[in-house]
Amino acid sequence: MATPSPEQVIDSQRQDWNRVAGGWEKWDRFFDEQMAFLNHRLVGDARLRNGLRVLDLGSGTGYPALLAAQTVGAGGSVVGIDLAEHMLTVAERKAKQLGLQNVTFRVGDATTLPFESASFDSVTSRFCLMFLPEIPKAAAEIARVLKPGGWAAVAVWSAPEKNPSIGLSMAAVRQVIDLPPTDPMAPGIFRLAQPGDLAGMLERAGLTDITAQEFLGEWSYGSTDEYYTSLMEIAAPVQNLMATLSEAQRQEVKRLIIQAASQFQRGARITFPIAARMVAGRKPG
Ligand SMILES: C[S@@+](CC[C@H](N)C(=O)[O-])C[C@H]1O[C@@H](n2cnc3c(N)ncnc32)[C@H](O)[C@@H]1O
């Protein structure tokens, strides 16, 4: 199969994430409750404080843009950009509910930022950069739009075996149909899982004082059914794989996913370990 062009990847990303925006809104409370610690870590790594102007890349339904807006306060501001307008509609609704007037969202591509050079004090991004077809370009854009001395803080997923709640669905599909081996360089959930990969890109883009840490946590669901439903409603890449299957194959994949998930039962809940890579760096100056 021919390698898709960067434009084709961007276009399918936009379609994929627009398609699951309703699912993200439905599961918003889950994300808030289970993953807030990642937003706090990003806000800390980006050194956000009162009055700063922040850019958030791939904000989706508002993470970590909304916490960033609360942190920089009325004297600061946050711009969140994302390819998928339907995700941003949810983010805008949440900003309004929170009474935040210092955050705006606009549709855009993280590899071609529509902003002047040195126009932000800080850049944040959670679980977006690995989906880009040209990550070094985005790294260069981050370095370009940061003011001298400004910090960038980025979260991406670490290895699939350390993130079974994501990895086991792919493994289940592979048990049912023959899939070509995953190209580790292709855009996707685990594209930046290798230690040093994103850190190296940010360093080559000109950032210094780089830190990169695997940050361990966990998230938990009320039942295997709740886990399976959320996975199917929010995980655009998993949805894409499931769409290639027959109904009988889908049922078999569901059985395998639920069976694998049940191994993570702890007390009354299904609790998965998660591992993110948190990479931060500063523009010299
Ligand atoms: C897994 S979601 C993460 C959303 C949010 N940051 C969070 O952590 O909940 C990935 C987001 O990245 C966005 N995205 C993918 N490629 C992008 C690109 N080239 N430029 C901007 N956003 C992009 C998608 O539209 C999607 O909303």
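The shown structure was predicted, so the numbers you read here are calculated from the model rather than taken from an experiment. (Residues numbered from 1 in each chain as written. Predicted model: local features only at pLDDT ≥ 70, side-chain atom pairs only at ≥ 80, totals over all residues.)

**Looking at the overall build of the protein chain**
- Of the regular secondary structure elements, the protein chain holds 11 helices and 8 strands.
- Scaling as 2.2 N^0.38, a compact globule of 285 residues should have a C-alpha radius of gyration of about 19 Å, and the protein chain matches this with 19 Å.
- Considering only C-alpha atoms, the protein chain reaches an extent of 55 × 40 × 30 Å along its principal axes.
- Burial analysis of the protein chain (285 residues in total) assigns 41% to the buried set.
- A separation threshold of at least 6 residues defines the contact pool for the protein chain, and within that pool the share at least 24 residues apart is 81%. (Helix = DSSP H or I, 4+ residues; strand = E, 2+ residues; numbered from the N terminus. Rg over C-alpha atoms; globule rule 2.2 N^0.38 Å. Buried ≥ 20, exposed ≤ 12 C-beta atoms within 10 Å, placed from the backbone. Contact = placed C-beta atoms within 7 Å.)

**Focus: the pairing of strand β2 (residues 77-82)**
- For β2, a buried count of 6 out of 6 residues is recorded, marking the element as mostly surrounded by other parts of the structure.
- Residues of β2 alternate between two faces, with Ser-77, Val-79 and Ile-81 on one and Val-78, Gly-80 and Asp-82 on the opposite face, all of them buried.
- Once the chain exits strand β1 (residues 53-57) it traverses helix α4 (residues 65-72) before rejoining the sheet at β2, and the crossover so formed is right-handed.
- Once you follow β2 into helix α5 (residues 85-97) and on to strand β3 (residues 103-107), the crossover reads as right-handed. (Right-handed = clockwise from strand over helix to strand, strands pointing away.)

**Things to note about the environment of Ser-122**
- Here Ser-122 shows up in strand β4 (residues 120-126).
- Separated by 79 residues in the primary sequence, Ser-122 and Val-43 place their C-alpha atoms 9.5 Å from one another.

**Observations regarding the packing of helix α3 (residues 28-45) against α4**
- Interaxial distance between α3 and α4 falls to 9 Å at its minimum, and their mutual angle equals 50 degrees. It follows that α3 is oblique to α4 by the angle criterion. As for the relative orientation of α3 and α4, their crossing is right-handed in sense. Contacts from Asn-39, His-40 and Val-43 in α3 reach Leu-67, Ala-68 and Thr-71 in α4.
- By residue class, the composition of the contact of α3 with α4 is 3 nonpolar, 3 polar and no charged. (Axes fitted to C-alpha atoms, helices over the stretch in contact; angles between N-to-C directions. Parallel < 35°, antiparallel > 145°, perpendicular 65-115°, else oblique. Left-handed = near helix turned anticlockwise from the far one by under 90°. Nonpolar A, V, L, I, M, F, W, Y, C, P; charged D, E, K, R; others polar.)

**Some points on the site of the ligand**
- As a matter of local geometry, the ligand sits amid 20 residues, with Trp-17, Gly-58, Gly-60, Ala-110 and Arg-126 nearest to it.
- Taken together, the elements giving at least two residues each to the shell around the ligand come down to α1 (6-19) and β2.
- Residue composition of the shell around the ligand, by class: 12 nonpolar, 5 polar and 3 charged. (Near = placed C-beta within 6 Å.)

**A few points about the packing of helix α6 (residues 135-145) against helix α8 (residues 197-204)**
- Put simply, α6 and α8 touch, their axes get as near as 8 Å, and they point 50 degrees apart. When the interaxial angle is binned, α6 and α8 end up oblique. The handedness of the crossing between α6 and α8 comes out as right-handed. Note on element contacts: α8 touches α6 through Met-201, Leu-202 and Arg-204, opposite Ile-135, Pro-136 and Ala-139.
- Split into classes, the residues belonging to the contact of α6 with α8 amount to 5 nonpolar, no polar and 1 charged.

**Comments concerning α6**
- Among the residues of α6, those classed as buried are Ile-135, Ala-138, Ala-139, Glu-141, Ile-142, Ala-143 and Val-145.
- Residues of α6 that are buried in the fold lie against β1, β4, β5 (146-157) and α8.

**Describing the nonpolar core**
- Judged by nonpolar contacts, the single largest core of 84 residues is most densely connected at Ala-68, Leu-129, Ile-142, Ala-152, Val-156, Leu-198 and Leu-202.
- Here this core gets 8 residues from one element, more than from any other, and that element is β5.
- The contact partners of Leu-129, leaving out residues within four places of it in the chain, are Ile-135, Ala-138, Val-154, Val-156, Leu-192 and Leu-198. (Core = buried A, V, L, I, M, F, W, Y, C linked by C-beta atoms within 7 Å.)

**Details of α1**
- Over its 14 residues, α1 runs 20 Å from end to end, which matches the ideal 20 Å to within 8%, given 1.5 Å per residue.
- Looking only at α1, the buried set comprises Ile-10, Gln-13 and Trp-17. Down the axis, α1 shows its buried residues gathered within 60 degrees of arc, on one side only. Turned more than 90 degrees away from the buried face of α1, the exposed residues are Glu-7 and Gln-8.
- Looking at the buried positions of α1, the neighbouring elements they touch are α2 (21-26), α5 and α10 (236-242). (Expected span 1.5 Å × (residues − 1). Arc of directions from axis to C-beta.)

**Structural notes on unusual backbone geometry**
- For the peptide bond that leads from Tyr-63 to Pro-64, omega is 0 degrees, which places it in the cis range.
- Relative to the helices and strands, Pro-64 is located in the loop between β1 and α4.
- One non-glycine residue, Phe-127, lies in the positive phi region at around 55 degrees.
- When you line up the elements, Phe-127 lands in the loop between β4 and α6.
- Phe-127 gets classed as partly exposed once you count the C-beta atoms within 10 Å, which come to 18.
- At Asp-209, a residue that is not glycine, the phi angle is positive and equals roughly 50 degrees.
- Checked against the element boundaries, Asp-209 lands in strand β6 (residues 208-221).
- Of the residues examined, Asp-209 has 11 C-beta atoms within 10 Å and is grouped as exposed.

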